[in-house]
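One letter stands for each residue in the lines below.
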Amino acid sequence: MTEESPRARVLVVDDEPDLIRILEFGLRAAGYQVEIAADGQEGLKKAREIRPDIILLDLMLPKLDGYKVCRLLKFDERYRHIPIIILSARTQEGDQALAKEMGANRFITKPYEFSEILSHIEALVKASSVSS
């Protein structure tokens, strides 16, 4: 097997350690670089510093909720191109509509299949690399 350069850099922003471990393990196994943030403030700071290729963002976060993080990134010219996938246990249509309004690219409800997340990541990363 040849040494390939790592695939896209993914920022996972979630406050559930078990969920982070599962996502991190699966994403690394799929060849992605993974960065982690455990609250909204840290997530926003890391997103601005490392400019990931894609962000997996929980809504229910300490310090700054996912809606605010999404809005602050999507309404800033420097970061608006970064695709954001919301991962949330909130299933009301209003939550999904608000996430879209804040600029989220996708909304996936928990519990989810890892393969579903992977396919969304691959589609969004491919689309954003084509458009940039």
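Before any of the text, the structure's been laid out above.
Rules behind the numbers
- Residues numbered from 1 in each chain as written.
- Predicted model: local features only at pLDDT ≥ 70, side-chain atom pairs only at ≥ 80, totals over all residues.
- Heavy atoms only, no water.
- Helix = DSSP H or I, 4+ residues; strand = E, 2+ residues; numbered from the N terminus.
- Buried < 20%, exposed > 50% of the residue type's maximum accessible area, 1.4 Å probe, protein only.
- Polar contact = N/O pair within 3.5 Å; in protein donor to acceptor, adjacent residues only side chain to side chain.
- Contact = heavy atoms within 4.5 Å.
- Pairing = 2+ DSSP bridges.
- Axes fitted to C-alpha atoms, helices over the stretch in contact; angles between N-to-C directions.
- Salt bridge = Lys/Arg side-chain N within 4 Å of Asp/Glu carboxyl O.

Novice: Please explain the side chain of Lys110 as it appears in this structure.
Specialist: Looking at the element boundaries, Lys110 is found in the loop between β5 (106–109) and α5 (114–131). A relative accessible area of 14% means that Lys110 is categorised as buried. Here the side chain of Lys110 touches Glu16 through a polar contact of 3.3 Å, side chain to side chain. Setting aside residues no more than four positions away along its own chain, Lys110 makes contact with Asp14, Glu16, Leu19, Asp58, Leu87, Ser88 and Ala89.

Novice: Help me out: how do you make sense of the environment of Ala30 in this one?
Specialist: Mapped onto the secondary structure, Ala30 falls in the loop between α1 (17–29) and β2 (33–37). Each C-alpha atom of the pair Ala30 and Leu118 lies 8.5 Å from the other, and the pair is 88 residues apart in sequence. If near-sequence neighbours (up to four positions away) are discounted, Ala30 is found in contact with Arg7 and Leu118.

Novice: Can you walk me through the sheet that holds β2 in this structure?
Specialist: Strand pairing in a sheet is mediated by backbone hydrogen bonds. Such pairs are either parallel or antiparallel. Taken in spatial order, the five strands make up an open sheet running β2-β1-β3-β4-β5, and their pairing is parallel. Across the chains shown, the open sheet's two edge strands, defined by having one partner strand only, are β2 and β5. Put simply, the sheet's adjacent strands are angled 20 degrees from each other on average, direction ignored. With four bridges joining them, strand β3 (residues 54–58) and strand β4 (residues 84–88) adopt parallel strand pairing. Following the sheet pairing, Ile55 is matched in β4 by Ile84.

Novice: Which parts of the structure should I look at to understand the pattern of salt bridges?
Specialist: Side chains that differ in charge, positive against negative, can pair when their charged atoms come close. Enumeration according to the criterion identifies 13 salt bridges in this entry. With its nearest N and O atoms 3.6 Å apart, the salt bridge here joins Lys46 to Glu42. With Lys46 and Glu42 both in helix α2 (residues 40–50) and four residues apart, the pair spans about one turn of that helix. Among the residues examined, Lys46 registers a relative accessible area of 23% and is labelled partly exposed. Between Asp76 and Arg78 there is a salt bridge, with its nearest N and O atoms 2.8 Å apart. On the basis of relative accessibility, which here comes to 13%, the residue Asp76 falls in the buried class. A single network of salt bridges, built from pairs that share partners, joins Asp14, Glu16, Asp58 and Lys110.

Novice: When you look at the environment of Ser129 in this model, what are you seeing that I'm missing?
Specialist: The topology assignment puts Ser129 in helix α5. Assessed through its relative accessible area of 48%, Ser129 is described here as partly exposed. Measuring from C-alpha to C-alpha, the distance between Ser129 and Ile36 comes to 22 Å, with 93 residues separating the pair along the chain.

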